Amino acid sequence: MVMSNSSRTLSSVLGKFGIGMTLLVEVILFSQFSAYFFTAENILNVSLQLSITAIIAAGMTFVILTSGIDLSVGALVAFTGVIATSVLKLSIPLLISFPLAIVVGLLIGVCSGAFAGVCVTRFSITPFIATLALMTIFRGAAYMYTDGRPIWGLPPEFSLLASGRLFGIPIPTLITICVYGAGYLVLHWTRFGRYVYAVGGNREAARLAGINTNRVLVSVYAICGVLTSLSGILLAARVNSGQPNAGLMYELDVIAAVVVGGTSLSGGRGTIVGTLLGAVLIGVLRNGLNLLNVNSYVQQVVVGLVILVTVMMDQSKKK
Amino acid sequence: MSALLRLEGICKHYPGVRALDEVTVELCSGEVHCIVGENGAGKSTLIKILSGALHRDRGEILINGARVTIDSPTDALRQGVAVIYQDFKLVPELSVAENIFLGKEPIQETMPFIDYASMHRNARAQLLQLGEEIDTTLAVSTLSAAQQQIVEIAKALSQRVRILAFDEPSAALTERELLKLFAIIRRLTSEGVGIMYISHRLDEIFEIGDRVTVIRDGRVVNTSPIITVNKKSLIQLMVGRKLEDEFPNVALTRSEEILRVENISAGILRNINFSLHRGEILGFAGLVGAGRTEIARIIFGADVKETGSIFLRGKEISPRSPREAIDVGIGLLTENRNRLGLITEMKVGENISLSSLNGLLKGPFLDKVKEVQTARRFVHQLHIKTPDVNESVENLSGGNRQKVILARWLATKSKVLIFDEPTAGIDVGAKYEIYVLMKKLAQDGVGVIMISSDLPELLGLCDRIIVMHDGRITGELDRDAATQEKIMALATLEGDVRWS
Amino acid sequence: MTRPLSLLLTLAICSLLIPSCTKKEEGGHAKIIGVTLLTRGHVFYKDLEEGLRTEAVKNNYELIVTAGEFDLGKQIAQIEDFVARKVDAIIVCPVDSKGIGSGIRKANQAKIPVFTADIAAFEGDVVSHIASDNELGGKRAAEYLAKVLHGKGKIAIINQPTVTSVLDRIAGFKKELEKFPDITVVADVNGDGVRDRSLQVSSDILQAHPDLDGIFGINDDSALGALDAVQQFKRKNVVIIGYDATPPAVAAILRNTSLKADVVQYPKKIGSSTISAIKDYFAGYSVEKRYAVEVGIVDREALRKIPVQ
């Protein structure tokens, strides 16, 4: 019953730093074993790679904070990608088609998210089921629309969106930073952000405190949708094509990042900074294991274990 | 009497708080031992340690003189210790019988399946022993609070409990249901069960208790036989200071009408008519389920009315959501503050400001400095016991939680405030403070409605009392004319029967 | 308002299905062949289907084309449907080489001949298996890479080790490389056969091996993902070999990118060869148990001379 003093100290120390500790251990280990890990070029490489899931994870944080979930993100990445790239294929000047592709892509995300939100609020469908349905609809639609073939032969300028650099930093990385900065402001410094936590903590109590809970829920899914579509566009730019099979299983990576970052699946608890750390943790892990040429089967096991251990340490903090 | 249970030198620390400090309490076989104390004094912590739900830092638990290990609720049950919590721990979707035998379902002799026939038979027998006839196939969620409590007791007794602890058992009960509970407790003690009874209502303690232990700030202040103390001395021991009156004596002057309700019908409600004036406290009495909460929720826009009208300062309003009601100046302190009021994941300050964030904006952003200042002012004004406004509201005791909600509504500057069971499960000191505040609000010209099942409280505080029964208003009594008997007669309509 | 809405939705879905249900099966004596592909969501199977159709039209066979879409249960049900409507032959691209056995045995019991295309079945009686020679493909890729690197260098494989045909490609590739002791495989990573994942793992490999000379992508999405990475890191000296010669890959080769050559399967030819084998079977000729459709390798020069079919 009475915990020994030393083990209590250990668990509280682990708990306090939780994910930060895991990340630190990871970085130290990889730096030891691979000379290429801790180089500026690789750090930028990792930041570029993890930007895709990190941007979605920022949106997913909003959804999970309201004790919801969005399983449709992976499929939405693919659907947005193929639609946006097919806009680029229209025979209109690039000056028009380029912004049009982005606007259309983002609109798809907003509409899809808002629709999911309406399903959850107006029709009382559980988020899991509503977004599961959207997931298969979008994946199917992406295949249907492209007939299973990628959309390619895009203007090379499009790929600049992903491969271009500003002040030496890849554009997707910069976008990720902006998204998280904005996410932090919205979540912690606006009324809407406060409402998100309140709705996730206790939806009925929030309603009785005068919060329009339905509007909050529709908004969080729309936010998640638009950020997912943003990722979808960036991913299409990275592979310079619209791939109907893009984003397979992204939903799991994204949810893992959010949960590893300390956000509670039952809502009301969590921070967007935690999510960023979670995304970085998983991204760095994948990169490091690849640098060390670890067998892909082993990689899956290792990633799973790290997720478990991090969440365990987080739990011991709460006790 | 021999000591059945002895808690010895129990200590429990939370970060920054000493919840229990060397607490020693004894319970004898066949005794009702009451534990009283203000909110946050440590009563609930003590019960949770006894039930194994919390780990103690130091101290021993002895049963019949032998040291026992209680590290989990399962351990506690094995030792014959059960706790009936304020918010019941039943599974709402399961039937009465399934709940009573949860985790120890009888198995058929021939097949490895649950023997439902014997389960329902035994459950019925168990309930009958408690003098209650409940259909054991009903889902627990369909039962009244009192019936749920009896199911809880039956559940505890089905596992041969020697020590039964009640945490605020009367919070959800009406007077009559409470009498039934006392009868059950007396039957149990006659069979040698030791009862530990925690309550804020001192009247109950004098009625049922044998001994009383007062806890203040985590320490035992006094343990004595109930006959050697009186209400006043007990209160003084609890709060550690002198208390003059149970209710604040402030004269109120009633002015113009602020709220009028005409012919409202919805659900069980039929033709509700009443009006509320500025500067008065209007009481609503009635049994649980009489429709008092329902009318409050309609005025507040949380539920929809079928027919009828609501007038605020002479202008008709029909709020379709709480937001709309708040915007025109109506507030509702809901019953069951934990389920319908607080966001337990959030901080004290955030809970206070939740309904009034519109006034705390600087451009598109929250003015957190102003938010914290406002919250601090309320914490100070309402004597909310918390280290800081950034403390998680989870770490606060019941009374302080209620004050947080109260602060939330004060911050909205509502013109009409409805209090639904504001003092349920709250200690004497905090109750008094809430009464003072309600009086102050009325003095400042707010129209106050108070729904309560505590009749002395209604009588002591309200200018008028409306009594409801089965969705209808059955009578309205002025302060001077009202008595407990008259209210009960109207609430149960027994009077009607007698007079007709 | 919800009910009429859902009714409408149901009707709409039904109307989508009707055309495929009501299509008349005419042609009197024309032979009917049931086809269940692995998926219709992939260029390769699109082409294979086209090969089947062109050859079938020539012989006046009627095709009923379905796809298992990676769902074994669905594919077995499709075979059962073919058996029920008594088709004259069945072509299967199995979702799972072992699991499909039960479906094939049902056709065997009904004495309907079964042919497998592209992916083999391990159980049940199959008249003939028509597929690309994947080992040969791997060998071709290795030969080409060795030639370009002059028999020396460090290379990486973007793998998808969960797929049997890919394992064959890798086996052929590695076996051929044994002839070149100065070529070492420094990395072998899983890109899941899709472009976005392959891009991620390729970026990591390029980081880990600044002196990398070549990459073999087990299909074109893998190779194109590697190409995306190589271009992003501006590693002009890395040679990439792909597999399948899909249009985007062919375009990349023609643009003179780092993707230098592609093993080319002839899915249309697999399709037409399958129909030919069935034709032989119907005519009573003996049919080979296994028919390997040749594969080739194409680079920029080759593509400029003869456009891929």
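Residues numbered from 1 in each chain as written. Chains lettered and ligands numbered in written order. Predicted model: local features only at pLDDT ≥ 70, side-chain atom pairs only at ≥ 80, totals over all residues.

**So, the confidence of the model for chain A**
Residue and element names in this part refer to chain A.
So, point 1. Scored by pLDDT, chain A comes out at a mean of 89, with 93% of its residues at no less than 70.
So, point 2. Note that pLDDT drops below 50 for residues 1-9; the model gives that stretch four contacts with residues more than four away or on any other chain.
So, point 3. Note that residues 11-15 has pLDDT below 50 and, in this model, seven contacts with residues that lie over four places away or in other chains. (pLDDT = per-residue confidence, 0-100. Contact = placed C-beta atoms within 7 Å.)

**Quick look at the interface of chain B and chain A**
So, point 1. If you look at the interface, chain B gives 26 residues, while chain A gives 20 residues.
So, point 2. Every element with two or more residues in the side of chain B that touches chain A is listed here: helix 10 (322-328), helix 11 (337-341) and strand 18 (365-366) of chain B.
So, point 3. In terms of residue count, the dominant contributor to the side of chain B that touches chain A is helix 10 of chain B (three residues).
So, point 4. For the side of chain B that touches chain A, the residue count by class is 14 nonpolar, six polar and six charged. (Helix = DSSP H or I, 4+ residues; strand = E, 2+ residues; numbered from the N terminus. Nonpolar A, V, L, I, M, F, W, Y, C, P; charged D, E, K, R; others polar.)

**Comments concerning the environment of isoleucine 56 of chain A**
Residue and element names in this part refer to chain A.
So, point 1. By secondary structure assignment, the location of isoleucine 56 is in helix 2 (residues 40-65).
So, point 2. By C-beta crowding, isoleucine 56 is classed as buried, having 33 other C-beta atoms within 10 Å.
So, point 3. Considering only alpha carbons, one finds isoleucine 56 and arginine 191, 135 residues apart in sequence, at a separation of 22 Å.
So, point 4. Not counting residues up to four positions away in its chain, the partners in contact with isoleucine 56 are Val73, Leu227, Thr228, Ser231, Tyr250 and Val254. (Buried ≥ 20, exposed ≤ 12 C-beta atoms within 10 Å, placed from the backbone.)

**Comments concerning the packing of helix 14 (residues 398-411) of chain B against helix 15 (residues 428-443) of chain B**
Residue and element names in this part refer to chain B.
So, point 1. It is the contact of helix 14 with helix 15, at a shortest axis distance of 10 Å, that shows an interaxial angle of 15°. In terms of orientation, helix 14 lies roughly parallel with respect to helix 15. As for how helix 14 packs across helix 15, the hand of that crossing is left-handed. Here helix 14 contributes Gly399, Gln402, Lys403 and Leu406 to the contact with helix 15, which in turn contributes Ala430, Ile434 and Leu437.
So, point 2. For the contact of helix 14 with helix 15, the per-class residue count stands at four nonpolar, two polar and one charged. (Axes fitted to C-alpha atoms, helices over the stretch in contact; angles between N-to-C directions. Parallel < 35°, antiparallel > 145°, perpendicular 65-115°, else oblique. Left-handed = near helix turned anticlockwise from the far one by under 90°.)

**What about the environment of aspartate 192 of chain C?**
All names here are of chain C.
So, point 1. Mapping aspartate 192 onto the fold places it in the loop between strand 7 (183-190) and helix 7 (195-208).
So, point 2. A C-alpha to C-alpha distance of 23 Å links aspartate 192 and arginine 235, two positions 43 residues apart in sequence.
So, point 3. With residues up to four places along the chain from it excluded, the contact list for aspartate 192 reads Gln160 and Arg197.

**With respect to the sheet that holds strand 1 (residues 32-37) of chain C**
Residues and elements named next belong to chain C.
So, point 1. As summarised here, the arrangement of the six strands in space is 2-1-3-4-5-11, forming an open sheet in which the pairing is parallel. Edge positions in the sheet fall to strand 2 (62-67) and strand 11 (290-293), since each has one partner strand and no second. Ignoring which end each strand starts from, the neighbouring axes of this sheet average 15° apart.
So, point 2. Where strand 5 (residues 128-132) meets strand 11, four bridges bridge the pair, whose relative direction is parallel. Bridge pairing links histidine 129 to arginine 290 in strand 11.
So, point 3. Each of strand 1, strand 2 and strand 3 (89-92) touches helix 3 (residues 72-84); the most contacted strand, strand 1, lies at about 175° to it. (Pairing = 2+ DSSP bridges.)

**Focus: the arrangement of the chains**
So, point 1. Contacts are most numerous, across the two pairs of chains in contact, for chains A and C.
So, point 2. No interface is formed between chain B and chain C, the nearest pair of C-alpha atoms being 20 Å apart.

**Points about the sheet that holds strand 12 (residues 269-277) of chain B**
Residues and elements named next belong to chain B.
So, point 1. Pairing is antiparallel across the open sheet formed by four strands, whose spatial order is 12-11-14-15. Sheet topology places strand 12 and strand 15 (315-317) at the edges, where each strand pairs with a single neighbour. With strand direction ignored, the average angle separating the axes of adjacent strands in the sheet is 20°.
So, point 2. Two strands pair when backbone bridges link them, and strand 11 (residues 257-266) and strand 14 (residues 307-312) are joined in this way by five bridges, in the antiparallel orientation. When the bridges of strand 14 are listed, leucine 259 appears paired with leucine 312.

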